[in-house]
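Observations on the three-dimensional arrangement
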Amino acid sequence: MNASFMTVCSQVFTPRGIAGWCAKGLPFLLAIFVCAGNVQTKAAGSALFLAGACFIGSAHESANGSVSVKVDVQPSELRSQPAGANWLSYNGDYTGRRFSSLDQINTENVQNLRAQWVFHVPNSDNLEVTPFVVDGLMIVTSANDAYALDGQTGRSIWHYSRPITEGLIDDASQHHNRGVAMLHSRAYMETDNAHLLCLDARSGHLIWDVAYTDGNKNYGATSAPLVVNGKVIVGTSGGDDGVRGFVAAYDAETGKLAWRFWTIPGPGEFGSSSWPGEIYKHGGGTTWMPGTFDPGLNTLYWGTSNPSPDFDGGPRPGDDLYTDCVLALDPDTGKLKWYFQFTPHDLFDYDATETPMLVDAEYQGQPRKLLVEANRNGFLYVLDRTDGQFLSATPFVEKLNWAKGIDSKGRPIRTEVQPTAGGTRVCPGFAGATNWYSPSYNPALGLVYFFALEDCDVYLRKPQEFKEGRTYYSTGVRHSSGDHGQKILLAFALDSTKPVWRYVQTGGAHSSAGTMTTAGGLVFFGDTGQSLEAVDGRSAKALWHFNMGQAIHASPMTYAVNKKQYVAIAAGSDIFSFGLP
């Protein structure tokens, strides 16, 4: 090869060079293959791999015009709201409202919705992912696998695979994964053993891999990351297993740790009085669901889980900060701005990892920047998100015996109900009055939508010592005879004390499905009868349903390709996409 050709090839074998040549089209891609065939280096091998991905993607794009390999998600796009043609985070946008501006599918025509395609994921029968979509490219995850799909046809574009981790316990051992985040052409996902992976979104090629825990197998990760200000924000699972929770931020380009906020204070820190001796190392407070972000206030809002041991409060006196809290953090430094604790000294596993929705609305006669959370403890909270001021808490279930109400400062007025050696009936039960399944908020209608669960369990307490590789509940729960679980879809106005409407579920299947609402006046959700349903957001009038034949443990989303709107949801081991004829 002559010197000039060698110079061209050396310019090709860089990430920027490959991306640039990909954009130039087929003749230039063929040049990459020629270079790779003549320069036998590791860089040439990587170039050949990426060029192949570009070639396949480019051919696919030209064939049906639905997917572009020129993926470049800008920070300004991540800040835009509400979600529209693209769905750029687990909740669609930074607000956590799961509201889409798309209205092609609406209350007048939703009855015509039809399945467009189904993609089968071979290594899971219990998907919890929300698809990510940018310019027609959809990325979904299952366990430690990621799949890129054509959002219009469901055709597979690339697949990244990594073996599941052996020896994990509790939630992590189920290998759930809720999706990806993205910045520019890089996709980020968590693994079951709490590694953060950076993938090339055009090819699925692994760019870097960072372990963000110390290797303790009681740690895990089940969430989707959140990209904020050039950083990838992650959390962990394991709050029932005696780990020390945290929120961490990594540089999106290099994978270098930027900051870490420990949710369990160390010795001498504010709140450490609840964690005497070495117990702080096993205090729980994990961060296993994505948070939300307000760019205007430059504030990150992240929920924390229960303290551990779960049902024995003896080793952890006091409020047990910062468990069962929403944390307001500076995303650039990790510094705590404020916190609000929903359930001080929790004895019932009432995680506060439910989505903290950010709503700008008039509240009690004045415009406010609000944080709204339907909490697992049975109360719907409204806070001022600028400073964490408590505004209101409304009970949304009838079966509620652990507290009599919430005082003027936002603290629960406790009853004497608590776990005992012989067992005590507690309401809400172990699954909570609601849980991680997604709520939504429609600003046009001024309504919050979420699922409530009316149920109770018998809680038992038996002290135990922490041991790595074992859970740390200090015993457990059993079904309360005479109590029968009932799920209900609720709609609340922000300042109402009772639901605007209730949509009672009748199916017998277990469901952890959430909600999504649109400018078309609709609420989509997975019901307890294994169906995706759509109801009128104003009235709860049933308008459409499609039976999946599989339990649904994920939340719906919507996107558009070539000006056509789709609705997608994971059910069982499949991704379903629906559209109008």
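Rules used in this analysis
Residues numbered from 1 in each chain as written. Predicted model: local features only at pLDDT ≥ 70, side-chain atom pairs only at ≥ 80, totals over all residues. Heavy atoms only, no water. Phe/Tyr/Trp six-rings, centres within 6.5 Å; stacked < 30°, edge-to-face > 60°. Helix = DSSP H or I, 4+ residues; strand = E, 2+ residues; numbered from the N terminus. Lys NZ or Arg CZ within 6 Å of the ring centre and 35° of its normal. Buried < 20%, exposed > 50% of the residue type's maximum accessible area, 1.4 Å probe, protein only. Pairing = 2+ DSSP bridges. Axes fitted to C-alpha atoms, helices over the stretch in contact; angles between N-to-C directions. 1 Å grid on protein atoms, 1.4 Å probe; cavity = no way out; pocket = protein on both sides within 12 Å on 5 of 7 lines; lining within 4 Å. Points joined across faces, edges and corners; volume = space filled by probe spheres on them. Nonpolar A, V, L, I, M, F, W, Y, C, P; charged D, E, K, R; others polar. pLDDT = per-residue confidence, 0-100. Contact = heavy atoms within 4.5 Å. Polar contact = N/O pair within 3.5 Å; in protein donor to acceptor, adjacent residues only side chain to side chain.

1. Some words on the packing of aromatic side chains
- A complete count under the given rule lists 35 aromatic pairs for this structure.
- Arranged with centres 4.7 Å apart and planes meeting at 75°, the rings of Phe342 and Tyr381 form a pair that is edge-to-face. Of this pair, Phe342 sits in the loop between β18 (336–341) and β19 (357–363) while Tyr381 sits in strand β21 (residues 379–384), and the two are 39 residues apart along the sequence.
- Among the aromatic side chains, those forming a connected cluster through ring pairs are Phe311, Phe340, Phe342, Phe348, Tyr350, Phe379, Tyr381, Phe390, Trp402, Phe430, Tyr459 and Tyr473.
- Across from the ring centre of Phe246, 4.4 Å away, lies the NZ or CZ of Arg260, which sits over that ring.
- Here Lys487 stacks its cationic end above the ring of Phe451, 5.2 Å away from the centre of that ring.

2. Considering unusual backbone geometry
- Put simply, Leu321 and Tyr322 share a cis peptide bond, and its omega is 0°.
- Note that the residue after Cys427, namely Pro428, is joined by a cis bond; omega there is -5°.
- With respect to the helices and strands, Pro428 occurs in the loop between β25 (424–426) and β26 (440–442).
- Positive phi is not limited to glycine here, since Arg98 has a value of about 50°.
- Turning to its location among the elements, Arg98 is positioned in the loop between α5 (75–79) and β1 (99–100).
- Given a relative accessible area of 0%, Arg98 falls into the buried group.
- Although it is not a glycine, Ser474 sits at a positive phi angle of roughly 60°.
- As for its placement among the helices and strands, Ser474 is situated in the loop between β28 (457–459) and β29 (477–479).
- What makes Ser474 buried here is its relative accessible area of 0%.

3. Thoughts on the sheet that holds strand β5 (residues 145–150)
- Across the sheet, four strands lie side by side as β3-β4-β5-β6; this open sheet has antiparallel pairing. The open sheet has two edge strands with one neighbour each: β3 (132–134) and β6 (156–160). Neighbour-to-neighbour, the strand axes of this sheet turn through a mean angle of 20°, independent of strand direction.

4. A closer look at the layout of surface pockets
- Of the volumes computed, that of the largest pocket is approximately 880 Å³.
- Forming the walls of the largest pocket are 39 residues, and the residues nearest its centre are Ala431, Asn435, Trp436, His510 and Ser512.
- Among the residues making up the lining of the largest pocket, the classes are represented as eight nonpolar, 21 polar and 10 charged.

5. Brief notes about the confidence of the model for the protein
- The predicted model of the protein averages 90 in pLDDT, with 88% of residues at 70 or higher.
- Predicted confidence is poor over residues 1–34, with pLDDT under 50, and the contacts of this stretch with residues over four places away or in other chains come to 42 contacts.
- Here residues 36–64 is a poorly scored stretch, pLDDT under 50, and it has 48 contacts once near neighbours within four places are set aside; other chains count.

6. Looking at the environment of Trp117
- Relative to the assigned elements, Trp117 resides in strand β2 (residues 114–120).
- As a C-alpha pair, Trp117 and Gln152 span 35 residues in sequence and 8.2 Å in three-dimensional space.
- Setting aside anything within four residues of it in sequence, one finds Trp117 in contact with Met138, Leu149, Asp150, Gly151, Gln152, Thr153, Gly154, Tyr559, Ile575, Phe576 and Ser577.
- Within the structure, Trp117 has its side chain in polar contact with the backbone oxygen of Gly151 (distance 3.1 Å).

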